[in-house]
Amino acid sequence: MTAAPPVAEHDLVLVVDFGAQYAQLIARRVREAKVYSEIVPHHVPVAEMLARKPKAIVLSGGPSSVYEEGAPAIDPAIFEAGVPVFGMCYGFQLMALGLGGEVSATGAREYGRTPVTVTAEGTLLSGIPAAHSVWMSHGDSVTAAPQGFDVLASTTVTPVAAFENVERGMAGVQWHPEVMHTEHGQQVLEHFLHDIAGCRPTWTMVNIAEEQIEAIRAQIGDRGKAICGLSGGVDSAVAAAIVQRAIGDRLTCVYVDHGLMRKGETEQVERDFVAATGVDLKVVDAEKRFLDALVGVSDPEEKRKIIGREFIRVFEAAEAEVLADAVTGADGDKVAFLVQGTLYPDVVESGGGAGASNIKSHHNVGGLPDDLEFELVEPLRTLFKDEVRMVGEQLGLPAEIVHRQPFPGPGLGIRIIGEVTRDRLDILREADAIAREELTRAGLDRDIWQMPVVLLADVRSVGVQGDGRTYGHPVVLRPVTSEDAMTADWARLPYELMERISTRITNEVSEINRVTVDITSKPPGTIEWE
C-alpha cells in the first residue's frame, strides 16, 4: 500500500492514451493549467473511466489511422455520459467519427509546423490570432463536423481543423496544442479546461505538499518508523522532506557513500539537507567496498550490476539496524515503512501502478527480521519531475538540491569508460567540478537538463603542454536540453563557455590533455555513455 494520491479535493481530468508519444506531456500541460490529470490506456472500459468521476476527458493523439484495421477505438458511450471531452489529433478524428461527423483519407498530409486560419473564435479559440502556426501530424482529415458543432479553424488542406459544441462540453483540434512548437497551445487547452469544462484551477504545489504531509501522517500513524535512502538527488530529497514534516524524528535517512559521487556532493547532502530539514541522517562510508568489487571490471552492464548489488547489500544492513525495533505490534499494526521517490512517469511506464514493487529496486529487500513487515510510502507518486522541484522549493530545500542535474544511480562509475579506480575517479571529479562551476557562472544551470563529463580512461591522446609531449586522457562534455529525458537535444553552449571549460580542465587537471563535445541528440544516442 502507498499513500493515497492527494486528489480528493481536486477536479480530475483523464488523458486517454492512444499510443501518443506526447501523452505524458499532455498530462503535464493540464497540470500547468492548475488542474489535476492522470493518464489511462485507451483499452480501459469507459464505465471504469466514468467511475473515477472525471470532470473532463482528453483524447490524445496516436500513430494510427481511424480506418486502419485494429486501430485503437473509443466506446461512443463516452460522448453520451455528460462529461466534457476534448480531442486532439487522432483523438479529434475519433471524436468526429463517434459523433456522426466525417473523416476522410483525402491524400493530403500535414506534418510539422503548419499555418492555421481561425474562421470563428468561439470559446475554444477566443483571443487567438486569426493566423498562427501549429504542429500537425496527420494523414486523414475531418471533412465534416458532427451535427450541432461549430467549425472554428481550417488549413489549406484540412477544412475542419477545430470545432466545438459548448452546450455539450465538447471541443477538439486537429493539431497538437501540447507541444512547444504550437503557438498559443496552452491557451487553447486552458479555454477548454476552464471555460468549457469548468475545471477548477486548484492544483498548486502549496496545496499538494500540505495534502501529502497529511496523507502520510495518516498512513504511518502515531507509532510508525520510516527509512529513506538518500541519493543526493531531488526525488529522494523531496520525498524525505515531506515524510519528515509528517512524522519528524521517526524518519531516518540513510546515505550510502559509494565513493562514486561528484566532488563535494556527499558533504552537501550531510550539510545542506540536514540543515534544511533537521532530518536524522545515517551516512555509511562504503567506498572501499564498492571499489574493491569493481577491480578489473570494464563492461558497462557488469559495472551497473555490481554497483546495484553492493548498494542493496549496504542499504539492507543499514535498514535492519535502523528498523530493528520496528516490529509488528501486538494489535497487528505495521510500524515499519520504506520511503521511495517514485514519480508519476514511473507509475505510468510500469503499467499504471498495478504493481508498485516493479517500479524501483529496494522494495523487496532481504536481510531483515522475519517478523518485520514494512509498507511502502511514495509521497511523489502523483507528480512529474518539474512538480517535484516546485514542491522542494515550497519545503525550503536548498536550490543546489532542488535544481541539481539528474545523476545516475551508479554515479561516476558509468562515466569512466574503462575500469573504475580511485585515481580515475579523482581525475574525473576535478574535470566535472570545473565544468559545473563554469556552467553555473554562465547562468545556464536552469537551461541545461544535464551535462555529463565522460572520462575516456582507456584512451590516450597525444598532446603538447609546455615544451613537452604528453599522453593524457580525453574527456567528453555531454550537455543536453530536455523536458523529461525521454528525448534530448545537444545543447548549443556558447563558444566562449566551452573555451573556458576546455582551458581550465587542460590547465588544472594534468592527466587530461583534450576536451571534446558530444553533439548527438537522443535518439540515436543516449544521454549517458554507458
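What counts and what doesn't
- Residues numbered from 1 in each chain as written.
- Predicted model: local features only at pLDDT ≥ 70, side-chain atom pairs only at ≥ 80, totals over all residues.
- Heavy atoms only, no water.
- Helix = DSSP H or I, 4+ residues; strand = E, 2+ residues; numbered from the N terminus.
- Rg over C-alpha atoms; globule rule 2.2 N^0.38 Å.
- Buried < 20%, exposed > 50% of the residue type's maximum accessible area, 1.4 Å probe, protein only.
- Areas by Shrake-Rupley, 256 points an atom, 1.4 Å probe, with all protein chains shown as cover.
- Expected span 1.5 Å × (residues − 1).
- Contact = heavy atoms within 4.5 Å.
- Pairing = 2+ DSSP bridges.
- Axes fitted to C-alpha atoms, helices over the stretch in contact; angles between N-to-C directions.
- Phe/Tyr/Trp six-rings, centres within 6.5 Å; stacked < 30°, edge-to-face > 60°.
- pLDDT = per-residue confidence, 0-100.
- Parallel < 35°, antiparallel > 145°, perpendicular 65-115°, else oblique.
- Left-handed = near helix turned anticlockwise from the far one by under 90°.
- Nonpolar A, V, L, I, M, F, W, Y, C, P; charged D, E, K, R; others polar.
- 1 Å grid on protein atoms, 1.4 Å probe; cavity = no way out; pocket = protein on both sides within 12 Å on 5 of 7 lines; lining within 4 Å.
- Points joined across faces, edges and corners; volume = space filled by probe spheres on them.
- Disulfide = S-S within 2.5 Å.
- Salt bridge = Lys/Arg side-chain N within 4 Å of Asp/Glu carboxyl O.

When its secondary structure is counted, the protein shows 14 helices and 22 strands. Scaling as 2.2 N^0.38, a compact globule of 530 residues should have a C-alpha radius of gyration of about 24 Å, and the protein matches this with 26 Å. Of all 530 residues assigned to the protein, the portion counted as buried reaches 55%. Of the accessible surface of the protein, which amounts to about 22,300 Å², a share of 49% is contributed by carbon and sulfur atoms.

Given 3.6 residues per turn, any residue in an α-helix points the same way as the ones three and four places further on. Under the 1.5 Å per step criterion, the end-to-end length of helix 7 (residues 265-277) is 17 Å for 13 residues, consistent within 8% with the ideal 18 Å. Those residues of helix 7 that are buried lie in contact with strand 12 (225-230), helix 6 (234-247), strand 13 (251-257), strand 14 (280-285), helix 12 (399-402) and helix 13 (422-441). Just downstream of helix 7, Gly278 is the residue with a positive phi angle, here 70°.

Here the focus is the environment of His181. In this fold, His181 is placed in the loop between strand 11 (170-173) and helix 4 (185-196). When the C-alpha positions of His181 and Gly308 are compared, they lie 39 Å apart, and in sequence the two are 127 residues distant. Apart from the residues lying within four places of it in its own chain, the contact partners of His181 are Arg113, Ser133 and Trp135.

Taken together, nine strands build an open sheet; the order of strands is 2-1-3-4-11-10-9-6-7 and the sheet is mixed. In this open sheet, the two edge strands, each paired with only one partner strand, are strand 2 (36-41) and strand 7 (131-138). In this sheet, neighbouring strand axes are inclined to one another by 25° on average, regardless of whether the strands run parallel or antiparallel. Judged from the eight bridges that link them, strand 6 (residues 110-118) and strand 7 form a sheet pairing that is antiparallel. Residue Val116 lies in a different strand from strand 7, and its bridge partner there is His132.

Before going further, it helps to examine the packing of aromatic side chains. Applying the stated criterion to the full structure yields seven aromatic pairs. With a centroid separation of 4.6 Å and an interplanar angle of 50°, the aromatic rings of Tyr36 and Trp203 are classed as tilted. Note that Tyr36 is positioned in strand 2 and Trp203 in the loop between helix 4 and helix 5 (205-220), a separation of 167 residues in sequence. Exposure remark for Tyr36: the relative accessible area of 1% places this residue in the buried category. Of the residues examined, Trp203 reaches a relative accessible area of 2% and is grouped as buried. Relative to Phe384, the ring of Tyr344 has its centre 5.5 Å away and its plane inclined at 85°; by these criteria the two rings are edge-to-face. In this pair, Tyr344 sits in helix 10 (residues 344-349) while Phe384 sits in the loop between strand 16 (374-377) and helix 11 (385-394), placing the two residues 40 residues apart along the sequence.

Mean pLDDT for the protein: 86, with 90% of residues reaching 70 or above. Under a pLDDT of 50 for its full length, residues 1-6 has, in the predicted model, 20 contacts with residues more than four places off or in other chains. Predicted confidence is poor over residues 352-372, with pLDDT under 50, and the contacts of this stretch with residues over four places away or in other chains come to 42 contacts.

Their axes nearest at 10 Å, the elements helix 6 and helix 11 cross at an angle of 50°. Classed by the angle they form, the pair helix 6 and helix 11 counts as oblique. Two packed elements cross with a definite hand, and for helix 6 against helix 11 that hand is left-handed. Across from Val234, Asp235, Val238 and Ile242 in helix 6, the residues of helix 11 making contact are Lys385, Val388, Arg389, Val391 and Gly392. Among the residues making up the contact of helix 6 with helix 11, the classes are represented as five nonpolar, one polar and three charged.

This next bit is on empty space enclosed by the protein. Gaps between atoms show up when a probe of the same size as a water molecule is rolled over them. With the rule as written, the count across this model stands at one cavity of 30 Å³ or more. Estimates place the volume of the largest cavity at around 40 Å³. Those elements giving two or more residues to the lining of the largest cavity turn out to be helix 6 and helix 7. The residue inventory of the lining of the largest cavity, partitioned by class, reads five nonpolar, three polar and no charged.

What follows is about the environment of Met180. Mapped onto the fold, Met180 is located in the loop between strand 11 and helix 4. When the C-alpha atoms of Met180 and Leu395 are compared, they prove to be 29 Å apart, with 215 residues separating the residues in sequence.

With that settled, consider the state of the cysteines. Enumeration over the complete set of coordinates arrives at zero disulfides. Cys228 carries a free sulfur, and the closest cysteine sulfur to it, the one in Cys253, is 4.8 Å from it. For Cys228, a relative accessible area of 1% puts it in the buried group.

Further remarks concern the pattern of salt bridges. With the rule as written, the count across this model stands at 33 salt bridges. Measuring nitrogen to oxygen at the nearest pair gives 3.4 Å for the salt bridge that ties Arg422 to Asp426. With a gap of four residues between them, Arg422 and Asp426 both fall in helix 13, about one helical turn apart. A residue is classified by how much of its surface remains accessible, and Arg422, at 43% relative accessible area, is partly exposed. Under the relative-accessibility criterion, Asp426 is labelled partly exposed at 30%. Across the salt bridge formed by Arg500 and Glu438, the nearest N and O atoms sit 3.2 Å from each other. Taken together, the positions of Arg500 in helix 14 (residues 495-508) and Glu438 in helix 13 put the pair 62 residues apart, joining distant regions of the chain. The exposure class assigned to Arg500 is partly exposed, which follows from its relative accessible area of 36%.

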